[in-house]
Amino acid sequence: MYPEYDKNIISGIISFHRNLWSHSLWSHNYYKDQKQNFRNYSPIYIIRIKNKNLKMLGKNISIFIPSSFLRETKDLKLKTYKVGLIGRSAALFRATKIVVYSDTEDPEDRKGVKFISDILTYMNTPQYLRKKVFPITRELRNVGILPPLRTPHHPTGELHQGDFRQGLTLKRTKKGTIVDIGADRDALCKEKLSVNRVLSFKVDKLGKEIIISPDEPEFYWGYDVLSTYKNLDDSIDMLKPRPDMVIGTSRYAEPITSVLNEVREGLRGSKHVAILFGGPYSGLHELMGNPGDVLDLEVNTIPNQGTKTVRTEEAVLATLSVFNMLMD
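Now for a look at the structure at hand. None of the values given here were measured: they were computed from a predicted structure.

Concerning the overall build of the chain
The number of helices and strands found in the chain is eleven helices and twelve strands. The buried share among the 328 residues of the chain stands at 49%. Contacts in the chain between residues far apart in sequence, at least 24 positions, make up 75% of those at least 6 positions apart. About 17200 Å² of surface is accessible on the chain, with carbon and sulfur atoms providing 49% of the total.

Put into structure tokens, the structure is as follows:
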């Protein structure tokens, strides 16, 4: 059952990416023409409203990604593509948070954390806000090869009353706050909000004026990215709220097919599940002080693997696909 299911998913994703190059979201020409315009651009902060209806979304899933998973990849374009696969997998299986942690003591590790986090945050930002939110940098030159998420907060159709949109707060006026929500004109929020913030809104009125209010829907609305710049143990402690269940992944652990009942029972009583992935040089046992005190379960989600190693982006896809079935 499981091998056939995973094979179908992977086959579909490979087919999807064959046509990826023809759907560039940010071309090299744009980078060249607009670099000067963004040189002095002020920083934008992306803020998520805490979802009050988590039960409607099912489980709250956080995945932990090591900063070193790109260490053996030298080409910037390939690095961008690999991070894109993780972002796409997270959105596909409704992960709500991606935590990027440091798994080495190399001073260059901070650059790896920032690069991964920037690419993931860029992917999660709606297309109509990206040019305003992200200053052009060398690290973002290849974002045109990233797969589109096609999640509900990345709309492609016309705007309707009652829709939810993410928007960038532009300026405050006597009436409230002017917000760019990707419509043919700016919208007005009657609350006075901080500027240069990406927030979620609901369209209350659609007429001569577009009236919106801060709100977030009861369905999947993308993921948050947390860059901890800390080791795995400290990164878990930083996660708020703390996970009800922490699951480690390892090729040396029990095959998930042999502990299905235990996994299902743990998932049934958990609202927030954290899934940990080790690095290419060190597994979870090397990265954690005392794994037995932190991990509720440790499983092998790719039993009988046919390759000597499994890349992080492959492990994320395989693991989330398995847990997606078990959580339903």
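Considerations on helix α8 (residues 260–268)
Those residues of α8 lying buried are L260, V263 and L267. The buried residues of α8 occupy an angular sector of 65 degrees when projected down its axis, which confines them to one face. In α8, the exposed positions angled more than 90 degrees off the buried face are occupied by N261, E265 and R268.

Notes on the sheet that holds strand β2 (residues 60–66)
Spatially, β9-β3-β2-β11-β10-β12 is the arrangement adopted by the six strands of the open sheet, whose pairing is parallel. Looking at strand neighbours, the two that pair on one side only are β9 (224–227) and β12 (297–300), the edges of this open sheet. Sheet twist, expressed as the mean angle between neighbouring strand axes with direction ignored, is 25 degrees. Where strand β10 (residues 245–255) meets strand β11 (residues 272–276), four bridges bridge the pair, whose relative direction is parallel.

Re the environment of D244
Within the secondary structure layout, D244 lies in the loop between α7 (232–238) and β10. Relative accessible area serves as the criterion here: at 45%, D244 is assigned to the partly exposed category. For the pair D244 and G269, spaced 25 residues apart in sequence, the C-alpha separation works out to 8.2 Å. Every residue in contact with D244, bar those within four places of it in the chain, is listed here: S270, K271, H272 and D296.

What to know about the environment of Y252
Along the chain, Y252 falls in strand β10. Along the chain, Y252 and P303 lie 51 residues apart, while their C-alpha atoms are 9.3 Å from each other.

Reading the values: the criteria
- Residues numbered from 1 in each chain as written.
- Predicted model: local features only at pLDDT ≥ 70, side-chain atom pairs only at ≥ 80, totals over all residues.
- Heavy atoms only, no water.
- Helix = DSSP H or I, 4+ residues; strand = E, 2+ residues; numbered from the N terminus.
- Buried < 20%, exposed > 50% of the residue type's maximum accessible area, 1.4 Å probe, protein only.
- Contact = heavy atoms within 4.5 Å.
- Areas by Shrake-Rupley, 256 points an atom, 1.4 Å probe, with all protein chains shown as cover.
- Arc of directions from axis to C-beta.
- Pairing = 2+ DSSP bridges.
- Axes fitted to C-alpha atoms, helices over the stretch in contact; angles between N-to-C directions.

As far as function goes, none of this settles anything; it's purely spatial.
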